[in-house]
Amino acid sequence: MLTENTITKLREMRLGTMADAFKEQLSDPNIAELSFEDRFGLLVDKEWLTRKNNHLAKKKKNAHFS
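Residues numbered from 1 in each chain as written. Predicted model: local features only at pLDDT ≥ 70, side-chain atom pairs only at ≥ 80, totals over all residues. Heavy atoms only, no water.

Q: Help me out: how do you make sense of the pattern of salt bridges in this one?
A: A pair can form between side chains of opposite charge whenever their charged atoms are brought close. This structure, assessed with the given rule, holds three salt bridges. Of the charged contacts, one joins Arg-11 and Asp-20 as a salt bridge, the two residues approaching to 2.5 Å between their closest N and O atoms. Since its relative accessible area comes to 39%, Arg-11 is described here as partly exposed. Accessibility expressed as a relative area gives 37% for Asp-20, which makes it partly exposed. Salt-bridge contacts for Glu-24 lead to Lys-46; the nearest nitrogen and oxygen are separated by 3.1 Å. A residue pair is termed long-range when its members are at least 10 positions apart, and Glu-24 in helix H2 (residues 16-27) and Lys-46 in helix H3 (residues 36-62) qualify at 22 residues. On the basis of relative accessible area, Glu-24 is assigned to the partly exposed category, the value being 45%. (Salt bridge = Lys/Arg side-chain N within 4 Å of Asp/Glu carboxyl O. Buried < 20%, exposed > 50% of the residue type's maximum accessible area, 1.4 Å probe, protein only. Helix = DSSP H or I, 4+ residues; strand = E, 2+ residues; numbered from the N terminus.)

What follows is the structure, given as structure tokens:
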């Protein structure tokens, strides 16, 4: 139950990629070998990368590149 609440809250904060990555981590048995800091870092990295890519795609679209 706590997990679903966490995922819902992440989505409400517009951290959808992080919520998806968290769900992926829950289903990966190998992820348990990592420390909390490493797991959290992976979540943050995925969210950051998605936002950065979206930002660059928006700039490219506004620049009218082909």
